[in-house]
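Below, each chain spelled out in residue letters.
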Amino acid sequence: MEAQIISKQIIKPSSSTPQRLRTYTLSLLYQLVPPIYVPMIFFYSATSENSSIKSHHLKTSLSKTLTHFYHLAGRIKDSFSIDCNDEGALYIEAHVDGDMSMILQEPDIHMLEKLLPCNTHEVSSDISSQVILAIQVTDFDCGGIAVTVCIKHAVADSSAVGSFLSSWAAVARGTNGDIDGVIFDRPSLFPPQDVESLALHNMVNVEALSKSSTKRFLFHSSKIAVLREEVGNGPCLDRPTRVEALAALIWGALLTATEEAYELVIPIDLRRRMDPPLPKKSIGNMSQCVIVDSENVLGLDYNGLAGKIHESIRTMNNEYLRKLHADVSPGEPVNDVVVLIDTKDGEGIEAWIGLCNEDMAKFEKNPSICAYASFNPSIL
């Protein structure tokens, strides 16, 4: 499958950003995130609306939305700030000869990458020349479209990306309800620091990525329920959450595959963990990673692993967060990655797992993974 690029253009905010908002100060949490793009792809079935009218509507509503999310139309100036200069977001229109079902019947990471407007693995030292937001709208012969949104991870976490997308959708529908109430985080909570020495661009091991593979595993709600019962059967943790149970399963399978005791790193949304809690629509990168200690993990059962995960997450409280700016430490290289996504019913979990080819071959044959996961089923 190939996506033919039809057009590329820059979409600017419909109104100029006021001078008083031209400099957007980055908080410490922005600085601790590697400067990579995080992609999201949304598939839409065919409608009766003319494609040119649809395209114009998407671009117009995006321009209006960028007036409110003005920092996404700027450029990262340095490790401390964004120049909100209204230079705009990259907007690409593309076409694929074929039906959208060829992707949805058997989702493949290499096919999905053809729908991206940028190289998400690209790490450049010249960040000031890169757009913060890139979008690609791809139409298929069947009339369906795929909308791909890539945002610099240093500027927004998944919750912030969700707020932007819901606001864009609201503007496209002719309502501004989801824009009202959006609050930009205040760097006073996590003051920026001089973190140049951490060389965050080295956190992404590009060479390792070239020797890895990413596969999709689906854990249906019924399987998750059984897994929670199994993982909760022990002295360390009685009632694990869906994520705690699944994280224990995946971590245990990875430990078995690699035969190495390595740490588990889990990003946590800080909005509800502050005192007082931050509004849900706080825009920015308001997440921080908790590291689950790897000491004595080899040989632990799932209940023991889940207990370690649970206790580590509990430490991410307000007191810890307030002390964060006093202890800045470099992160580990990003190699083995697991992304968990809710299924449509909100009960099951879809896991995209990236491992080196050797470890993946062992991981996908793990008896527990085979018992609980469906391997890349159709999403039609």
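Everything discussed here concerns the structure shown above.
Residues numbered from 1 in each chain as written. Predicted model: local features only at pLDDT ≥ 70, side-chain atom pairs only at ≥ 80, totals over all residues. Heavy atoms only, no water.

**Concerning the overall build of the protein**
Condition: Secondary structure counts use DSSP, requiring at least four H or I residues in a row for a helix and at least two E residues in a row for a strand, with both numbered from the N terminus. Note on contacts: a residue pair qualifies if any of its non-hydrogen atoms lie within 4.5 Å across the two residues. Surface exposure here means Shrake-Rupley accessible area, sampled with a 1.4 Å probe, where a residue is shielded only by the protein chains that are shown.
Broken down by element type, the protein carries twelve helices and 16 strands. A separation of at least 24 residues holds for 78% of the contacts in the protein among residues at least 6 apart in sequence. If you sum the accessible surface of the protein, you get close to 18,700 Å²; carbon and sulfur atoms cover 51% of it.

**A word on the side chain of Ser-63**
What counts, and what does not: Between buried and exposed lies partly exposed: a residue is buried under 20% and exposed over 50% of the maximum accessible area for its type, with that area taken using a 1.4 Å probe on protein chains only. Polar contacts, as used here, are pairs of N or O atoms within 3.5 Å; protein pairs need one atom able to donate a hydrogen and one able to accept it. Residues neighboring in sequence count only if both atoms are side-chain atoms.
Note that Ser-63 resides in helix 2 (residues 51–68). Exposure remark for Ser-63: the relative accessible area of 13% places this residue in the buried category. Within the structure, Ser-63 has its side chain in polar contact with the backbone oxygen of Lys-12 (distance 2.7 Å). If we skip the residues at most four places from it in the chain, Ser-63 touches Ile-11, Lys-12, Pro-13 and Ser-14.

**Focus: the environment of Pro-367**
Looking at where Pro-367 falls in the secondary structure, it is placed in helix 12 (residues 367–372). Measuring from C-alpha to C-alpha, the distance between Pro-367 and Ala-253 comes to 8.8 Å, with 114 residues separating the pair along the chain.

**Brief notes about the side chain of Asn-85**
Assignment of secondary structure puts Asn-85 in the loop between strand 5 (81–83) and strand 6 (89–96). Among the residues examined, Asn-85 registers a relative accessible area of 19% and is labelled buried. Among the polar contacts made by the side chain of Asn-85, one reaches the main-chain amide nitrogen of Glu-87 at a distance of 3.2 Å. Among all residues touching Asn-85, those that are not within four sequence positions of it are Arg-22, Ala-73, Gly-74 and Arg-75.

**Some details on the environment of Ile-250**
One can find Ile-250 in helix 8 (residues 242–258). Spatially, the C-alpha atoms of Ile-250 and Ile-353 are 9.4 Å apart, while their sequence positions differ by 103 residues. The residues touching Ile-250, leaving out its near neighbours within four places in the chain, are Val-338, Leu-340, Ala-351, Ile-353 and Phe-363.

**Section: the pattern of salt bridges**
Cut-off, in case you're wondering: For this document, the term salt bridge refers to a Lys or Arg side-chain nitrogen within 4 Å of an Asp or Glu carboxyl oxygen.
Using the criterion set out here, one finds nine salt bridges in the structure. Close ionic contact of Asp-342 with Arg-242 constitutes a salt bridge, the shortest N to O distance being 2.8 Å. Remark: Arg-242 occurs in helix 8 and Asp-342 occurs in strand 14 (residues 337–342); sequence separation between them is 100 residues. A salt bridge links Lys-362 to Glu-358, with the nearest nitrogen and oxygen atoms 3.9 Å apart. Of this pair, Lys-362 and Glu-358 both sit in helix 11 (residues 357–363), four residues apart, which is roughly one turn of the helix. A relative accessible area of 41% places Lys-362 in the partly exposed class. Judged by its relative accessible area of 53%, Glu-358 falls in the exposed class.

**Some remarks on the packing of helix 2 against helix 5 (residues 158–173)**
Formally: Axis lines are fitted through C-alpha atoms, for helices just across the contact stretch, and the angle between N-to-C directions can take any value from 0 to 180 degrees. Roughly parallel covers angles under 35 degrees, roughly antiparallel covers those over 145, roughly perpendicular covers 65 to 115, and oblique covers all other angles. Throughout, a crossing is termed right-handed when the near helix is turned clockwise from the far one, and left-handed when it is turned anticlockwise from it by less than a right angle. Gly is placed with the polar residues, together with every amino acid not listed as nonpolar (Ala, Val, Leu, Ile, Met, Phe, Trp, Tyr, Cys and Pro) or charged (Asp, Glu, Lys and Arg).
Relative to each other, helix 2 and helix 5 sit at 120°, their axes nearing to 9 Å. The angle between helix 2 and helix 5 falls in the class oblique. Handedness of the crossing formed by helix 2 with helix 5: right-handed. On helix 5, the residues touching His-57, Leu-58, Ser-61, Leu-62, Lys-64, Thr-65 and Leu-66 of helix 2 are Phe-164, Ser-167, Trp-168, Val-171 and Ala-172. Its residues assigned to classes, the contact of helix 2 with helix 5 shows seven nonpolar, four polar and one charged.

**Focus on unusual backbone geometry**
For Glu-259, which is not glycine, the phi torsion reads 55° and is therefore positive. Among the structural elements, Glu-259 can be located in the loop between helix 8 and strand 11 (264–269). The class for Glu-259 is exposed, based on a relative accessible area of 65%. At Asn-376, a position not held by glycine, the phi torsion is positive, near 45°. As for its position among the elements, Asn-376 is in the segment after strand 16 (374–375).

**Digging into a nonpolar patch on the surface**
Basically, it comes down to this: To count toward a patch, a residue needs a relative accessible area above 30% and no salt bridge. Like charges then connect within 9 Å, nonpolar side chains (Val, Leu, Ile, Met, Phe, Trp, Tyr) within 5 Å.
Residues Val-243, Val-338 and Leu-340 make up a contiguous nonpolar surface patch of about 200 Å² in total accessible area. Tracing the backbone shows Val-338 in strand 14. The partly exposed category is assigned to Val-338, whose relative accessible area is 34%.

**As for the pairing of strand 15 (residues 349–356)**
Selection criterion: Two strands form a pair only when DSSP identifies at least two bridges running between them.
Among the eight residues that make up strand 15, seven are buried, leaving the element largely enclosed by the rest of the structure. Taken together, the six bridges between strand 14 and strand 15 define a ladder with antiparallel strand orientation. Within the sheet, the bridge partner assigned to Val-338 lies in strand 15 and is Ile-353. Two successive antiparallel strands, strand 14 and strand 15, enclose a turn made up of six residues, where Gly-346 displays a positive phi of approximately 75°.

**Comments concerning the packing of aromatic side chains**
So the rule is basically this: Aromatic rings from Phe, Tyr and Trp, with only the six-membered ring used for Trp, were paired whenever their centres fell within 6.5 Å, and each pair was classed as stacked if the ring planes differed by under 30 degrees, edge-to-face if by over 60, and tilted otherwise. Consider the ring centre and the ring normal. A charge sits over the ring if Lys NZ or Arg CZ is within 6 Å of that centre and within 35 degrees of that normal.
On inspection of all chains with the given rule, the structure shows four aromatic pairs. On the basis of an interplanar angle of 80° and a centroid distance of 5.5 Å, the ring pair of Phe-69 and Phe-164 is categorised as edge-to-face. Of this pair, Phe-69 sits in the loop between helix 2 and strand 4 (75–78) while Phe-164 sits in helix 5, placing them 95 residues apart in sequence. Both residues of the pair, Phe-69 and Phe-164, count as buried. Where Phe-217 meets Phe-375, the ring centres are 5.2 Å apart and the plane angle is 65°; that geometry is what we call edge-to-face. Residue Phe-217 is found in strand 10 (residues 212–219), and its partner Phe-375 is found in strand 16; the two are separated by 158 residues along the sequence. By the ring-pair criterion, three or more aromatic residues cluster together here, those being Phe-69, Phe-164 and Trp-168. Across from the ring centre of Tyr-37, 4.4 Å away, lies the NZ or CZ of Lys-152, which sits over that ring.

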